[in-house]
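# What the coordinates show
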Amino acid sequence: MNITLEDYDKALQAFLDDVETMKDDVDSVLLFGSMARGDVKPGRSDLMDAFIFFKPEVFRDRERYLRDLEVMVGSCERLSASGVYFHPFFYCDNSDLVSAPFLPVFLSERASRLVFGKEMRHTIDGSPASRTQAGRVIFSARRASHKMAYLLCKPEWTEAEREVIVDELMDAKKYLPIMACNALDIWPGEPDLIPELKKALPTVDTTVLENVKLMRDQPERFADHGVLRQLLRDMLYFVEELHEQLLNKLRESGELPKQRMQAAP
Amino acid sequence: MGLTRFILKKKPPEETSEETMVNEEKLRTPNRATTEKLRFTAKVIARFRNELESLMYYPHPFTTGGFVIVFKDEIKEFLDCVTGVFQCAPPRGLSIHCMRRSELFELALPGVYLMPSRVNEQEYLALYLKHKGSVLYGLDLREEIPTPNNYGLMLDNHLEAMTTQVRGHILLKWLASKEYLLLIDEIDNQFRYLMGTALLAHGVWDVNLEGLPDLFAQYFKNQPVTEIWQSFNSIRKELDTKDDVGCRAAAFETAWLFESFLRELREYTR
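Residue positions are given per chain, counted from 1 along the sequence in the order it is written. All chains are assigned letters beginning at A, and all ligands numbers beginning at 1, according to the order in which they are written. Given that the model is predicted, a residue must reach a pLDDT of at least 70 before its local features are reported, and side-chain atom pairs must reach 80 or more before they are shown or counted; all residues, however, enter totals for whole chains, interfaces and linings. Side-chain numbers come from the whole structure's heavy atoms, not from hydrogens or water.

What follows covers the overall build of chain B. A run of H or I in DSSP becomes a helix once it reaches four residues, and a run of E becomes a strand once it reaches two; helices and strands are each numbered from the N terminus. Across its full length, chain B holds ten helices and four strands. In sequence order, the secondary structure elements of chain B are arranged as α-α-α-β-β-α-β-α-β-α-α-α-α-α. Looking at chain B alone, contacts between residues at least 24 apart form 68% of all its contacts between residues at least 6 apart. Accessible area for chain B stands at about 11800 Å²; split by element, carbon and sulfur atoms hold 48% of it. The contact rule is simple, with two residues in contact once any of their heavy atoms fall within 4.5 Å. Here the open area of atoms and residues is found with the Shrake-Rupley method and a 1.4 Å probe, where only the protein chains shown may cover a residue.

In structure tokens:
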């Protein structure tokens, strides 16, 4: 199926038509991702990066909640049949604090777009709990990335393994700058993530993030396994370098223990 | 036997002061999973005898557990060591945590919630490693691992992850794809994981998935929460008699009970 920009526009309009039927219950709908930034790549960008902010009373009224849930499920059924790769949108009570990793998209008008209801981005914040969590997940994420090291030494990759590598590299490019900034208690909007990271850790070389972007935009340049292997190697070294610099920085600031804990006698 | 003997073989005498031998009872159990663990452990030791500080195993109440492989701080090519570990054929389904000794504190930091595909092992990892884990090779470093110290924050995070991820990734996705029974099963699991996190705040960590609801009821004497759990159980019990339409209605009702459970637990623990 040949996916065009028009398919994305139609899908968005169908989604908003569904939201319209819940208009008494919905305060606001925000888009994020490529549709919000206006850089949709037909066939490669997915649907539906959106947040529906409901009035809080919806979650206390069984009939209202179930009615709205029916509408949202119907919307998901239609969107998944659109031919464009689809994942469900998010929905929440508008009095909830959002999960802190979402802050970068809501803190920037260039990274999110209001498509329904009232402007409320200036009121969105992350809870203290999720800020604390977001500030530390990079450590377990780094350990999780180690499993990719195995693929570095495999002489040949299956097509499935190659796809896994591409997906993991894309995720790393997207989430590592957020996690690293959050670890340093920096909460920039999406477009400022890498500049802020460079400001905080000037000696970290972020070239690999640019190269992953290149891989997304010009996949033919990375068709050769050797080139992709080098990119994977660079990313794994980048993760280790980032981890080391973060540890040093956090130890300097007293947020982490300077020396290892001594064993109890 | 050969493998067990190999693992039990001690390092040179000058390095054995804090060394703990392998948990023989656990590793002698003759089943396939144990054999795979033994093979992996033996390979890692053979390859990294000079670089390793410790190799530990932890069980986990919700997963099959994993290994913590601790390298010396002075190791220069850490990533090469990690690559080597993964070339030793880790047993399928077990987590592998490679780290330097000075990084052990990271085991007590918050982990990532990726619902429904992965359980966040981090909540119990340090506790189970310290109290139920075993040292398979090298030093017993468990005293150097702190345990998480803010369970209220952990519960807040878990509740928040539930609201952010379960709604989209489980409720909407599986209702739309008509996976009603899968949804009800998964929400059952997610309820239990959340009960486990709530119990940690009461110092209750030695749990299993089956017994969690009863333990939870003992510590959280809150009528609305109890009633929600009972309603959910009734839905589960009646599923066998339902046709597609009935299963769909049960799945939607489960979604409502999920929202109600989160709201009540949040208000009760505030």
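On to the pattern of salt bridges, then. Should their charged atoms come close, side chains of opposite charge can pair. Any Lys or Arg side-chain nitrogen found within 4 Å of a carboxyl oxygen on Asp or Glu counts as a salt bridge. Counted by the stated rule, this structure contains 34 salt bridges over all chains. Notably, a salt bridge pairs K132 of chain B with D206 of chain B, separated by 2.8 Å at the nearest N-O pair. Of this pair, K132 of chain B sits in helix α5 (residues 122-132) while D206 of chain B sits in the loop between α7 (180-200) and α8 (212-219), placing them 74 residues apart in sequence. Connected via shared salt-bridge partners are R142, R143 and E240 of chain A together with R100, E103 and E106 of chain B.

The next subject is the sheet that holds strand β2 (residues 50-54) of chain A. All names here are of chain A. Strand pairing is assigned whenever DSSP detects at least two bridges linking the two strands. An order of β3-β2-β1-β4 is seen for the four strands of this open sheet, with the pairing classed as mixed. Because the sheet does not close on itself, it has two edges, and the strands there are β3 (90-93) and β4 (112-117). Strand after strand, the sheet turns through a mean of 20 degrees between neighbouring axes, direction not considered. Pairing between strand β1 (residues 26-32) and β2: five bridges, direction antiparallel. Across the sheet, residue V29 finds its bridge partner in β2, namely I52. Only C-alpha atoms enter the line fits that serve as axes; for helices the fit covers just the stretch in contact. Angles between N-to-C directions range over 0 to 180 degrees.

All names here are of chain A. Residues forming no salt bridge and having over 30% relative accessible area are the ones grouped into patches, like charges within 9 Å of each other and nonpolar side chains (Val, Leu, Ile, Met, Phe, Trp, Tyr) within 5 Å. His is not counted here, nor are the chain ends, while Lys and Arg score as positive and Asp and Glu score as negative. The atoms used to mark charge sites are NZ of Lys, CZ of Arg, CG of Asp and CD of Glu. Taken together, the side chains of E159, E163, D167 and D171 make up a negatively charged region of the molecular surface. Tracing the chain through its elements places E159 in helix α8 (residues 159-183). Here E159 falls in the exposed class, since its relative accessible area comes to 54%. Any residue under 20% of the maximum accessible area for its type is buried, any over 50% is exposed, and the rest in between are partly exposed; the area is computed with a 1.4 Å probe on protein chains only.

As a further point, take empty space enclosed by the protein. Residues and elements named next belong to chain B. Space inside and on the surface of the protein is sampled on a 1 Å grid over the protein atoms alone, with a cavity defined as a set of points where a 1.4 Å probe fits but cannot get out and a pocket as an open set with protein on both sides within 12 Å along at least 5 of 7 lines; lining residues have an atom within 4 Å of a point. Grid points are joined across faces, edges and corners, and a volume is the space filled by probe spheres set on the points. Evaluated as defined, the whole model comprises four cavities of 30 Å³ or more. As for the largest cavity, its lining consists of F62, Y113, M115, R118, V119, N120, E123, Y124, H158, Q190 and Y193. Looking at the lining of the largest cavity, the elements that each hand over two or more residues are α5 and α7. Three classes are used: nonpolar for Ala, Val, Leu, Ile, Met, Phe, Trp, Tyr, Cys and Pro, charged for Asp, Glu, Lys and Arg, and polar for all others, with Gly counted as polar. Classifying every residue of the lining of the largest cavity by side-chain character gives six nonpolar, three polar and two charged.

To continue, consider the sheet that holds strand β2 (residues 66-71) of chain B. All names here are of chain B. On the basis of which strands lie adjacent, the open sheet formed by four strands has the order β3-β2-β1-β4 and mixed pairing. Taken across any chain shown, the strands that pair with only one partner, and hence form the sheet edges, are β3 (95-100) and β4 (134-138). Each neighbouring strand pair of the sheet contributes to a mean axis angle of 15 degrees, computed without reference to strand direction. Relative to β3, β2 runs parallel, the two being bridged by six bridges. What sits directly across from F71, in β3, is R100. Here helix α4 (residues 78-87) sits on the sheet in contact with β2 and β3, set at roughly 155 degrees to β3. Running at roughly 100 degrees to strand β1 (residues 52-58), α5 makes contact with β1, β2, β3 and β4 of the sheet.

As a further point, take the pairing of β1 of chain A. Residues and elements named next belong to chain A. The buried fraction of β1 is high, at seven of seven residues. Note: β1 against β4, five bridges, orientation antiparallel. By the bridge assignment, V29 is partnered in β4 with F116.

It is worth spelling out the domain arrangement of chain B at this point. Residues and elements named next belong to chain B. Split into domains, chain B comes out as domain 1 (18-144) and domain 2 (151-269). Distance from the C-alpha centre of domain 1 to the C-alpha centre of domain 2: 31 Å. Facing the 13 residues of domain 1 at the interface are 22 residues of domain 2. Buried surface area refers to the total accessible area, computed with a probe of radius 1.4 Å, that the two partners give up upon joining, counted for both partners together. Summing the contributions of domain 1 and of domain 2, the shared interface buries around 1500 Å²; its carbon and sulfur component is 66%. Considering only the side of domain 1, the residues that lose the most area to domain 2 are F62, Y113 and M115, jointly responsible for 40% of the buried surface there. Counting across the domain 1 and domain 2 interface gives one salt bridge. Side-chain atoms alone can form a polar contact between residues adjacent in sequence; in general such a contact is a pair of N or O atoms within 3.5 Å, and within protein one must be able to donate a hydrogen while the other accepts it. Applying the counting criterion to the domain 1 and domain 2 interface returns eight residue pairs in polar contact (both at pLDDT 80 or more). Residues of the side of domain 1 that touches domain 2, tallied by class, amount to ten nonpolar, one polar and two charged. Reported domain spans reflect what an automatic or database domain assignment gives.

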